[in-house]
Amino acid sequence: MGIRFNEVSHKYSSFSDGNLSAIYQVSLKIKAKDEFIALVGHTGSGKTTLAKHMNALIFPTEGNVEIFNKIITKKRNRDIKYNEIRKKVGLVFQFPEYQLFEETVLKDIMFGPLNFHISKEEARNLAINALKLVGLDESYSNRNPYNLSGGEKKRVSIAGILAMDPDILVLDEPTSGLDPAGKRVLMELFKDIHKRTNKTIIIITHDMDLVYEYFSRAVVMNEGELVYDGSPESLFKEHDLSKNHLDYPNTIKVLTHLNKTLKLNLNVYQKTAIDALKEIEKAGIL
Amino acid sequence: MSYIEVKGLDYSYTKNKKVLKNIDFSINKGDWVAVLGHNGSGKSTLAKAMVGLIEPSIGSIKIDGLELNQDTVYDIRRKIGIVFQNPDNQFVGVTVKDDIAFGMENLAVPREEMLKRIDFFAKKVQMEKYLDKEPSQLSGGQKQRVAIAGILAMQTDIIIFDEATSMLDPFSREDLMKYIKKLHEEGLTIIMITHDINEALLADKMLILKSGEVFAYDDSHSLMKDKDVFRNSYLELPVALEIANSLTEKKYDSVKEKLWEYVSMK
Ligand SMILES: Nc1ncnc2c1ncn2[C@@H]1O[C@H](COP(=O)(O)OP(=O)(O)OP(=O)(O)O)[C@@H](O)[C@H]1O
Ligand SMILES: Nc1ncnc2c1ncn2[C@@H]1O[C@H](COP(=O)(O)OP(=O)(O)O)[C@@H](O)[C@H]1O
Ligand SMILES: [Mg+2]
Ligand SMILES: [Mg+2]
């Protein structure tokens with residue numbers, strides 16, 4: 001088992017919202033390999049809180065989280081090396097600003113790898129390679145991360161986790177703030193890493209188009225509770241999305257519009273524009 | 001003369017690299033303009049220049065007849081509000097309430113009116129339960145909501161949204177857009193920086209930046225008819241138009257018409 005939530009609740013100590021928990025009795029199993037999971041849900045539903053438990057950045061206030069067979073509970077356990085866990089499960093924060101603190105981009109990306117006691121030279125090579133993967137050329141190496149545009153910061157924070165090469169990658173809204181081309185490049189990159197290495201990757205996103213096109217499993221949070229865990233296909237086919245503040249992917253919406261206005265009978269469940277196009281051509285409309 | 005006029009604007013953060021190059025455009029009162037462009041193309045820099053947070057090396061910005069300079073910057077900030085890309089940059093107060101009040105305080109809105117607006121706009125963005133919380137303890141999307149409420153509450157004539165809804169769920173984003181549409185109908189001039197083409201479709205016009213230059217500026221429909229404009233500036237067309245553009249045979253004319261109709265629905 002990779003990560004397993006056993007009836008985990010988390011109540012932030014400063015949470016003034018009556019007795020509400022940020023997450024409430026969440027149970028969830030994530031395999032050490034082969035998973036490609038989209039974590040979705042409305043603003044404030046508990047996605048980030050869930051993600052922070054995945055590498056023991058915060059501890060459950062009830063229940064426990066097993067991470068590579070280490071059991072994380074409310075109480076700190078001296079036998080558990082939390083830093084080891086954070087090397088195995090890499091987390092990219094929702095706001096890159098919380099992650100970037102070195103004075104150059106390259107130093108920032110090298111920070112993770114250097115913690116693994118590898119040589120500076122090696123760490124440097126890993127960092128330069130990671131920078132390329134996220135679509136930034138070498139001219140960014142010596143820039144101060146603080147002075148980058150929003151999307152550039154985001155890319156650097158993602159490069160950090162790529163250079164670290166953890167066993168499980170957890171990315172909190174990695175595509176928000178990326179331009180459309182960058183979003184594609186990075187999603188293809190994550191997919192490629194997953195295919196090549198079978199690594200488990202968990203991505204938080206609000207982009208239903210991405211959820212439908214790329215992921216094999218969707219986990220939906222609503223007001224702190226896990227309300228769906230299954231394929232994106234059946235999520236969009238069989239579930240009342242508005243109840244969970246979600247929306248349909250654009251392909252489905254567009255094809256539904258065609259069916260309605262032209263009295264067609266297209267199968268609206270197409271994942272990409274190309275699939276939708278094929279479906280229309282199959283109908284051979286006049 | 002237009003309501004907003006930007007002429008020959010250049011800007012560099014460091015000596016040898018211009019990040020804005022000869023930017024020229026104008027916006028009419030009541031327009032809704034979406035600003036699109038790749039990461040690092042200069043969108044936020046342009047926004048910062050328009051509210052006088054940075055001073056361009058060459059060129060001029062005129063808003064409602066006033067030329068932006070050190071003498072006019074405070075008058076201009078009464079007309080134009082900006083929601084920053086990173087909400088943290090906008091937070092200075094101890095509580096959510098303080099942060100929604102901050103912009104209004106600068107405009108010297110009377111206290112009673114201020115309290116009324118705090119209530120109203122906190123509700124508008126569904127944050128009324130969080131007024132006494134510390135902003136640092138909010139989720140990403142909740143921070144964005146508070147940042148938006150603070151600027152809406154200033155009730156300026158112009159608002160710049162810099163990727164202000166990037167972390168909102170689809171549902172609350174749509175909800176907010178409905179309200180912004182209403183403000184637009186009532187005369188608000190909107191400049192909306194976004195990477196989301198579906199959000200950009202709500203605008204009347206699109207301004208596309210590429211490597212610090214204006215790559216295209218036109219009404220949205222004319223721009224989207226030319227698919228090369230989008231491809232050549234690292235952007236994507238809406239799904240409906242990607243489909244429409246691939247349907248070349250005559251027998252699909254009715255479908256194409258409906259696909260265009262779909263992107264025109266606001
Ligand atoms: N404070 C700064 N100092 C130096 N360079 C900067 C600074 N802020 C931005 N830049 C650079 O200026 C260029 C334009 O940045 P800007 O933030 O305007 O881009 P943007 O279009 O808003 O991008 P994004 O979509 O990523 O938000 C980028 O190359 C960026 O690296
Ligand atoms: N550090 C914190 N202190 C107190 N409350 C918090 C903290 N972080 C998040 N919360 C609250 O917990 C809930 C869930 O937040 P979060 O997990 O960040 O949501 P999401 O990532 O799904 O938007 C929200 O209501 C938020 O306000
Ligand atoms: Mg979050
Ligand atoms: Mg920006």
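Note: the structure precedes this text.
Residues numbered from 1 in each chain as written. Chains lettered and ligands numbered in written order. Predicted model: local features only at pLDDT ≥ 70, side-chain atom pairs only at ≥ 80, totals over all residues. Heavy atoms only, no water.

**Q** How would you sum up the nonpolar core? Please name residues and give values.
**A** Ile280(A), Phe161(B), Met206(B), Phe230(B) and Ile243(B) are the most contacted members of the largest nonpolar core, which totals 124 residues. Excluding anything up to four places from it in sequence, Ile280(A) contacts Leu255(A), Leu258(A), Leu266(A), Ile285(A), Ile243(B), Leu247(B), Tyr252(B) and Val255(B). Counting 31 residues, the second-largest nonpolar core is a separate cluster that includes Leu46(B), Ala47(B), Ala49(B) and Ile54(B). (Core = buried A, V, L, I, M, F, W, Y, C linked by side-chain atoms within 4.5 Å. Buried < 20%, exposed > 50% of the residue type's maximum accessible area, 1.4 Å probe, protein only. Contact = heavy atoms within 4.5 Å.)

**Q** Could you give an account of the coordination of the magnesium ion (ligand 3), naming the residues involved and the relevant values?
**A** Residue and element names in this part refer to chain A. Of the protein atoms, only Thr48 (OG1) and Gln94 (OE1) coordinate the magnesium ion (ligand 3), at distances of 2.0 to 2.3 Å. Here Thr48, found in helix H1 (residues 47-54), pairs with Gln94, found in the loop between strand S6 (89-92) and helix H3 (105-114); they are 46 residues apart in sequence, far enough to count as distant. The exposure class of Gln94 is buried, given its relative accessible area of 8%. (Donors = N, O, S within 2.8 Å, 3.2 Å for Na, K, Ca; no water. Helix = DSSP H or I, 4+ residues; strand = E, 2+ residues; numbered from the N terminus.)

**Q** I'd like a description of the packing of helix H9 (residues 250-262) of chain A against helix H11 (residues 253-264) of chain B, backed by residues and values.
**A** Running from amino to carboxyl end, H9(A) crosses H11(B) at an angle of 120°, the nearest separation of the two axes being 10 Å. When the interaxial angle is binned, H9(A) and H11(B) end up oblique. The handedness of the crossing between H9(A) and H11(B) is right-handed. Residues Asn250(A), Lys253(A), Val254(A), His257(A), Leu258(A), Thr261(A) and Leu262(A) of H9(A) pack against Ser254(B), Val255(B), Lys258(B), Leu259(B), Glu261(B) and Tyr262(B) of H11(B). Counted by class, the contact of H9(A) with H11(B) contains six nonpolar, four polar and three charged residues. (Axes fitted to C-alpha atoms, helices over the stretch in contact; angles between N-to-C directions. Parallel < 35°, antiparallel > 145°, perpendicular 65-115°, else oblique. Left-handed = near helix turned anticlockwise from the far one by under 90°. Nonpolar A, V, L, I, M, F, W, Y, C, P; charged D, E, K, R; others polar.)

**Q** Tell me about the site of ligand 2, and name the residues and values.
**A** Neighbouring ligand 2 are 18 residues; Gly44(A), Lys47(A), Thr48(A), Thr49(A) and Gln142(B) lie closest to it. At ligand 2, the nearby residues belong to more than one chain, namely chains A and B. Within the backbone of Gly44(A), an N or O atom sits 2.8 Å from an oxygen atom of ligand 2. In this structure, Lys47(A) approaches ligand 2 through a side-chain N or O atom, which is 2.8 Å from an oxygen atom. A total of 570 Å² of accessible area belongs to ligand 2 in isolation, and the protein chains cover 91% of it. Examining the composition of the shell around ligand 2, we find that three residues originate from one element, H1(A), more than from any other. (Near = heavy atom within 4 Å. Polar contact = N/O pair within 3.5 Å; in protein donor to acceptor, adjacent residues only side chain to side chain. Areas by Shrake-Rupley, 256 points an atom, 1.4 Å probe, with all protein chains shown as cover.)

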